[in-house]
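Structural characterization, general
Residues per chain, in single letters:
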Amino acid sequence: MSSKGKYYITTAITYTSGKPHIGNTYEIVLADAIARFKRQEGYEVFFQTGTDEHGQKIELKAQEAGITPKEFVDQVAEEVKRMWDLMNCSYDKFIRTTDDNHQKQVQKIFRKLYDKGDIYKGSYEGLYCTPCESFWTESQLVDGKCPDCGREVRPAKEEAYFFKMSKYADQLIRHINEHPEFIQPVSRKNEMMNNFLLPGLQDLCVSRTSFKWGIPVNFDDKHVIYVWLDALTNYITGIGYDCDGNSADLFHQYWPADLHLIGKDIIRFHTIYWPIFLMALDLPLPKQIFGHPWLLQGEGKMSKSRGNVLYADELADFFGVDAVRYFVLHEMPFDNDGLISWELLVERLNSDLANTLGNLVNRTISMSNKYFGGVVASTGVAGEMDADLKAVVTAAAGKVSAKMADLRVADAMTEIFNIFKRCNKYIDETTPWILAKDDAQKARLSEVMYNLTEGITTGASLLKSFMPETADKIFRQLNTIETEYDQLSSFGSYVSGTKVTEKPEILFARLDLSEVMEKVNALHPPVEDEQKASEADEPVVDIEPKAEITFDEFEKMQFQVGEIIECKAVEKSKKLLCSQVKIGSQVKQIVSGIRKYYQPEEMVGKKVMVLVNLKPAKLSGVLSEGMLLCAEDENGELSLMTPEKPMPAGAEIC
């Protein structure tokens, strides 16, 4: 297959504060699936990942551990790399921001921007969040805490170098408007434009003096280069960028990047800071930045401090690497957060992997052995069910390619599994066990077995990018190899007369949920009775009861699940947010007094409970067409009511 060109994909580099959880691991697996599929399509792919290793947070963690910062990050970087390798990720470059070449180039970049006048020396006074390594103004805080992580901030003042962000703001706005594909999903683009770019950018602090663990400013050794200028430039230093104009061939071949794949929580840094740094360096911007959603356990983002963390290696011990890959890729929506739990993993393994896929492969090989001694031969004796099966199989590659082009990886996997589902249906339609009883139907039965084997081979070839070990197991059992990508849209690539394995391997064994949870609880013992009692004594809230209503009165109220697709602050109010809420096929505008508790950007993508048929009213001059349901504690703190499980927008609440 001739090359379709170069394709450069990156993940965000993982912060080396500790072992990455499954939410972090999702990103590298997602990037790996995209990279593998691009290679399958015929692109020359360069896939880069790595670790972000500087900053005050790491300096403090190293002090707590009684080791040097370099010793600390060496340990964590090795653990990150081990985890990525365990998950069978095919990266081409693992960069560390402590690499000598990276550090030298960052120093050169800093000096170049300083000499150009884009960086200047000043001082900074504000409220500092150590975990996020970010300064905030009083107005940016939420309930007096960091708007990103919700932790405490402290007053800080220090000499610093600053980057003139506003100098390039108009240029970036034009680029975003002229390249609608640049920031994906669209909700992320709207968030960046409305909440940051259009209101005006402040100059960015790009050096620090309050800690030492960072790349030194080589002309002012009191300062170390601040995390984002250091970390973001890995995307160019990793492929050989040289600030003096002597960049490696790899850089010239692969820059600009085709895709930066990042978490939605760092979208601002990648779609505002990074493009502006590149503009200042006179370099082209990446073609696309995709801010993927979070993988949640229960109701919240995974966090060690919250104690709701799952790790990929532990999950792989229970389910296998490919089962974990399948789950995180298939269960994550395009632009909404996904959920993961032990229960959901068991359910998916049993239904999709053990039953739909594993049982199909096992049945097909077993029948080939039983009826034909394992030889799979095409006889050309067609039946009325064949055409539809072939149509599903041959159309799949085009559908998968279209979904992958739009980064809708979960939808692409659904298209692949549609092949396996159609093959299972084909078995029920053709009833091979009945055909086998009639010698006159032997040629027809042989054709049925060939069609099934060809369908499985095509499905496994498409599955290779997502579940590589499973695909290879299927090929070995069918005694074949992966079908070339440009042959996937035709039917008949499996070599007639091939003999399959005599003893099919069970790809995925069904699991008993109670047994799995028993093992999980043994690894993670439930809280002690004393702690349970303490939790049971948590405060409750009693409120003044309202007058009783009849069931008929209750029946008049219509509650549905809504999805917030856009949100912004109401200009004339300090309390109100205005949300565009998708409910079924309609979009309602709802104004809510929750600005104190939620930032507009964190509202986007949430599934919420909505009172739909509330009479429209104007709040601060803005029309509101419903009500978002919230819970309120005794201190007046509010929390949006959200569905416990993923539910479609418009689902009735009853």
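The model shown is predicted, which means the values in this text are computed figures rather than measured ones. (Residues numbered from 1 in each chain as written. Predicted model: local features only at pLDDT ≥ 70, side-chain atom pairs only at ≥ 80, totals over all residues. Heavy atoms only, no water.)

On to the overall build of the protein chain, then. For the protein chain, the helix and strand inventory stands at 22 helices and 28 strands. At 28 Å, the protein chain has a C-alpha radius of gyration in line with the 26 Å of a compact globule built from 654 residues. With respect to the three principal axes, the spread of C-alpha positions in the protein chain is 90 × 80 × 55 Å. With 654 residues in all, the protein chain has 52% of them scored as buried. Within the protein chain, contacts between residues at least 6 apart in sequence are counted, and of these 75% link residues at least 24 apart. Total accessible area on the protein chain stands at roughly 29900 Å², and carbon and sulfur atoms take up 48% of it. (Helix = DSSP H or I, 4+ residues; strand = E, 2+ residues; numbered from the N terminus. Rg over C-alpha atoms; globule rule 2.2 N^0.38 Å. Buried < 20%, exposed > 50% of the residue type's maximum accessible area, 1.4 Å probe, protein only. Contact = heavy atoms within 4.5 Å. Areas by Shrake-Rupley, 256 points an atom, 1.4 Å probe, with all protein chains shown as cover.)

Let's shift gears to the sheet that holds strand 20 (residues 559–569). Here we have five strands laid out as an open sheet, ordered 22-21-20-23-26, and antiparallel in their pairing. The open sheet terminates on both sides in strands that have one partner only, identified here as strand 22 (586–592) and strand 26 (627–628). Pairing of strand 21 (residues 577–583) with strand 22, which is carried by seven bridges, proceeds in the antiparallel orientation. Bridge assignment links leucine 577 to a residue of strand 22, and that residue is serine 592. (Pairing = 2+ DSSP bridges.)

What follows covers the packing of aromatic side chains. One pass over the full model with this rule turns up 28 aromatic pairs. Seen from their ring centres, phenylalanine 318 and tryptophan 342 are 4.8 Å apart, and the 65° between their planes marks the pair as edge-to-face. Of this pair, phenylalanine 318 sits in helix 11 (residues 312–319) while tryptophan 342 sits in helix 13 (residues 342–372); the two residues are 24 residues apart in sequence, bridging distant segments of the chain. For tryptophan 342, a relative accessible area of 7% puts it in the buried group. The rings of Tyr8, Phe46, Tyr235, Tyr241, Phe251, Tyr254, Trp255 and Trp274 are connected pair by pair, giving a single aromatic cluster. The aromatic ring of tyrosine 311 is capped on one face by lysine 19, whose charged end is 4.6 Å from the ring centroid. Above the plane of the ring of phenylalanine 219 lies arginine 111, whose end atom (NZ or CZ) is 4.5 Å from the centre. (Phe/Tyr/Trp six-rings, centres within 6.5 Å; stacked < 30°, edge-to-face > 60°. Lys NZ or Arg CZ within 6 Å of the ring centre and 35° of its normal.)

We now examine the nonpolar core. Counting 103 residues, the largest nonpolar core has Ile34, Phe319 and Phe466 as its most contacted members. When residues no more than four places from it in sequence are discounted, the contact partners of phenylalanine 319 are Val324, Trp342, Leu345, Val346, Leu349, Leu511 and Val516. (Core = buried A, V, L, I, M, F, W, Y, C linked by side-chain atoms within 4.5 Å.)

Let us now look at the side chain of threonine 51. Along the polypeptide, threonine 51 turns up in strand 3 (residues 44–52). Residue threonine 51 is classed as buried on the basis of its relative accessible area, which comes to 0%. In this structure the side chain of threonine 51 is engaged in a polar contact, spanning 2.6 Å, whose partner is the side chain of glutamate 53. Beyond its immediate stretch of four places on either side in the chain, threonine 51 contacts Ile13, Thr14, Thr16, Ala77, Val80, Phe94, Ile95, Arg96 and Thr97. (Polar contact = N/O pair within 3.5 Å; in protein donor to acceptor, adjacent residues only side chain to side chain.)

Our next topic: empty space enclosed by the protein. Enumeration according to the criterion identifies three cavities of 30 Å³ or more in this entry. Here the largest cavity is characterised by a volume of approximately 70 Å³. Lining of the largest cavity is provided by Ser187, Asn190, Glu191, Asn194, Asn195, Ile565, Glu566, Cys567 and Val604. The element best represented in the lining of the largest cavity is helix 6 (residues 186–197), accounting for five residues. Its residues placed into classes, the lining of the largest cavity shows three nonpolar, four polar and two charged. Roughly 40 Å³ of volume is contained in the second largest cavity. Residue lining of the second largest cavity: Phe319, Ala323, Tyr326, Phe327, Leu345, Arg348, Leu349 and Leu353, and that is the complete set. Among the elements of the structure, helix 12 (321–330) and helix 13 are those that each provide at least two residues to the lining of the second largest cavity. (1 Å grid on protein atoms, 1.4 Å probe; cavity = no way out; pocket = protein on both sides within 12 Å on 5 of 7 lines; lining within 4 Å. Points joined across faces, edges and corners; volume = space filled by probe spheres on them. Nonpolar A, V, L, I, M, F, W, Y, C, P; charged D, E, K, R; others polar.)

On to unusual backbone geometry, then. The omega torsion of the bond from glutamine 184 to proline 185 falls at -10°, within 30 degrees of zero and hence cis. Its location among the elements puts proline 185 in the loop between strand 8 (183–184) and helix 6. Proline 256 follows tryptophan 255 through a cis peptide bond whose omega is 10°. For proline 256, the position within the fold is in the loop between helix 9 (249–254) and strand 13 (259–263). Here the phi dihedral of asparagine 479 falls at roughly 55°; this positive angle occurs in a residue that is not glycine. Of note, asparagine 479 is situated in the loop between helix 18 (468–478) and strand 19 (498–499).

Tallied over the entire structure, the rule returns 32 salt bridges. Ionic pairing is found between glutamate 159 and lysine 121, a salt bridge with its closest N-O pair at 3.5 Å. Separated by 38 residues along the polypeptide, glutamate 159 in strand 7 (residues 154–163) and lysine 121 in strand 5 (residues 119–129) bring together distant segments of the chain. Arginine 348 is paired through a salt bridge with aspartate 352; the nearest N and O atoms lie 3.4 Å apart. Residue arginine 348 and its partner aspartate 352 are both found in helix 13; the two are separated by four residues, about one turn of the helix. When its relative accessible area of 25% is taken as the criterion, arginine 348 is described as partly exposed. Exposure remark for aspartate 352: the relative accessible area of 11% places this residue in the buried category. Within the structure, one salt-bridge network assembled from shared partners comprises Lys19, Glu79, Arg82 and Asp313. (Salt bridge = Lys/Arg side-chain N within 4 Å of Asp/Glu carboxyl O.)

At their nearest, the axes of helix 5 (residues 169–178) and helix 6 sit 12 Å apart, and the two run at 155° to each other. In terms of orientation, helix 5 lies roughly antiparallel with respect to helix 6. As for how helix 5 packs across helix 6, the hand of that crossing is left-handed. Touching Ala169, Leu172, Ile173, Ile176 and Asn177 of helix 5 are Lys189, Met193 and Leu197, all from helix 6. (Axes fitted to C-alpha atoms, helices over the stretch in contact; angles between N-to-C directions. Parallel < 35°, antiparallel > 145°, perpendicular 65-115°, else oblique. Left-handed = near helix turned anticlockwise from the far one by under 90°.)

Time to look at the confidence of the model for the protein chain. In the predicted model, the protein chain carries a mean pLDDT of 91, and the fraction of residues at 70 or more is 93%. Counting contacts from residues 527–538, a segment whose pLDDT is below 50, to residues more than four positions away or on other chains yields two contacts. (pLDDT = per-residue confidence, 0-100.)

Let us look at the environment of asparagine 88. Along the chain, the position of asparagine 88 falls in the loop between helix 3 (69–86) and strand 4 (93–96). When the C-alpha positions of asparagine 88 and proline 468 are compared, they lie 8.1 Å apart, and in sequence the two are 380 residues distant. Excluding its chain neighbours within four sequence positions, the residues that come into contact with asparagine 88 are Asp32, Arg36, Arg325, Pro468 and Glu469.

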